[in-house]
Amino acid sequence: EPEVTQTPSHQVTQMGQEVILRCVPISNHLYFYWYRQILGQKVEFLVSFYNNEISEKSEIFDDQFSVERPDGSNFTLKIRSTKLEDSAMYFCASSVPLPSGANVLTFGAGSRLTVL
Amino acid sequence: AQSVAQPEDQVNVAEGNPLTVKCTYSVSGNPYLFWYVQYPNRGLQFLLKYITGDNLVKGSYGFEAEFNKSQTSFHLKKPSALVSDSALYFCAVSATFSGGYNKLIFGAGTRLAVHP
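Residues numbered from 1 in each chain as written. Chains lettered and ligands numbered in written order. Predicted model: local features only at pLDDT ≥ 70, side-chain atom pairs only at ≥ 80, totals over all residues. Heavy atoms only, no water.

K.L.:
Mind showing me how you'd approach the sheet that holds strand β3 (residues 19–24) of chain A here?
P.N.:
Residues and elements named next belong to chain A. Reading across the sheet, the four strands line up as β1-β3-β8-β7 and stay open at both edges, with antiparallel pairing between neighbours. Only two strands of the sheet have a single neighbouring strand rather than two, namely β1 (5–7) and β7 (65–68). Here the average twist between neighbouring strands, direction ignored, is 15°. (Pairing = 2+ DSSP bridges. Helix = DSSP H or I, 4+ residues; strand = E, 2+ residues; numbered from the N terminus. Axes fitted to C-alpha atoms, helices over the stretch in contact; angles between N-to-C directions.)

Okay, structure coming up:
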């Protein structure tokens, strides 16, 4: 069964450092997403991406965050200058576009980011 | 604003007994509702969805969910629980649909513990 692959599984960084989280979505999917889950809290939407541009972003997704699809397979989330409160599990997801909104998101296993 | 509530942090059930994990939602318009499960060190896995039609939706691993419009609920059920069902369960509602992508709003999650 096709999977969404995320690397690294765990990253520890110092506050103020840049971090890039990488994702390989399912090959025939066209929509890509990042969600995050702070320990003990809800899974929160960050951003959706389609046709090489952001479709929607949440208020969490401020100027410190950026996404990119640098080639035909990878989808990355960059945090420019990490803060302590960025410590969380970051999930990548992808989906095919369906006209009814019933498309199912397939999630990766997550990248745990720890900011010290 | 769209929201999802999972009133129970944890549900305990004996193996072989029926289980119910509760979910209520608030959404304008017709809801698209989903259940996902998260096993340790794994991503969110899709279980089932309600889009339209029959109020009883059947999904993976013997799970089903009942959509109740009057009570705005979408409870997850299984007739006979297995120890391997022990995991974290998330209810989600689609908050935005525009052009094919799906922004999910998740509940806080319910930890299901099935005891032998």
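From this point on, the discussion continues.
K.L.:
It is not clear to me how the packing of aromatic side chains should be interpreted in this structure. Could you clarify?
P.N.:
Aromatic ring pairs: the centre-centre distance and the angle between the two ring planes describe each pair. This structure, assessed with the given rule, holds 19 aromatic pairs over all chains. With a centroid separation of 6.5 Å and an interplanar angle of 85°, the aromatic rings of F91 of chain A and F107 of chain A are classed as edge-to-face. You can see F91 of chain A sitting in strand β9 (residues 88–95) and its partner F107 of chain A sitting in strand β10 (residues 106–107), a full 16 residues away along the chain. The class for F91 of chain A is buried, based on a relative accessible area of 0%. When the centroid spacing of 6.1 Å and the interplanar angle of 20° are considered together, the rings of Y25 of chain B and F67 of chain B count as stacked. Of the two residues, Y25 of chain B is situated in strand β4 (residues 24–26) and F67 of chain B in strand β8 (residues 64–68); the sequence distance between them amounts to 42 residues. This pair shows no difference in class: Y25 of chain B is buried, exactly as F67 of chain B is. Ring-pair connections join several aromatic residues into one group, and the members of that group are Y33, Y35, F45, F91 and F107 of chain A together with Y36, F46, F90 and F106 of chain B. (Phe/Tyr/Trp six-rings, centres within 6.5 Å; stacked < 30°, edge-to-face > 60°. Buried < 20%, exposed > 50% of the residue type's maximum accessible area, 1.4 Å probe, protein only.)

K.L.:
I would appreciate a short explanation of the interface of chain A and chain B in the present structure.
P.N.:
Many analyses report the size of an interface as the accessible area lost when the parts associate. Residue-level contacts link 24 residues of chain A with 26 residues of chain B. A buried area of about 2000 Å², summed over both sides, lies between chain A and chain B, and 56% of it is on carbon and sulfur atoms. Summed over the shared surface of chain A and chain B, the number is one salt bridge. Between K103 of chain B and E56 of chain A there is a salt bridge, with its nearest N and O atoms 3.0 Å apart. Summed over the shared surface of chain A and chain B, the result is three residue pairs in polar contact (both at pLDDT 80 or more). (Contact = heavy atoms within 4.5 Å. Buried area = accessible area lost by both parts, 1.4 Å probe. Salt bridge = Lys/Arg side-chain N within 4 Å of Asp/Glu carboxyl O. Polar contact = N/O pair within 3.5 Å; in protein donor to acceptor, adjacent residues only side chain to side chain.)

K.L.:
Looking at this structure, I do not really get the state of the cysteines. What am I missing?
P.N.:
Cysteine pairs can be covalently joined through their sulfur atoms, and such a bond is termed a disulfide. Residue and element names in this part refer to chain A. Using the criterion set out here, one finds two disulfides over all chains in the structure. Paired by a disulfide, C23 and C92 hold their sulfur atoms 2.0 Å apart. Between C23 and C92, the S-S dihedral sits near -65°, and the bridge is therefore left-handed. Note that C23 is positioned in strand β3 and C92 in strand β9, a separation of 69 residues in sequence. Per residue, the accessibility class of C23 equals that of C92, and both read buried. (Disulfide = S-S within 2.5 Å.)

Note that every value here comes from positions in space, so none of it alone points to a role or purpose.
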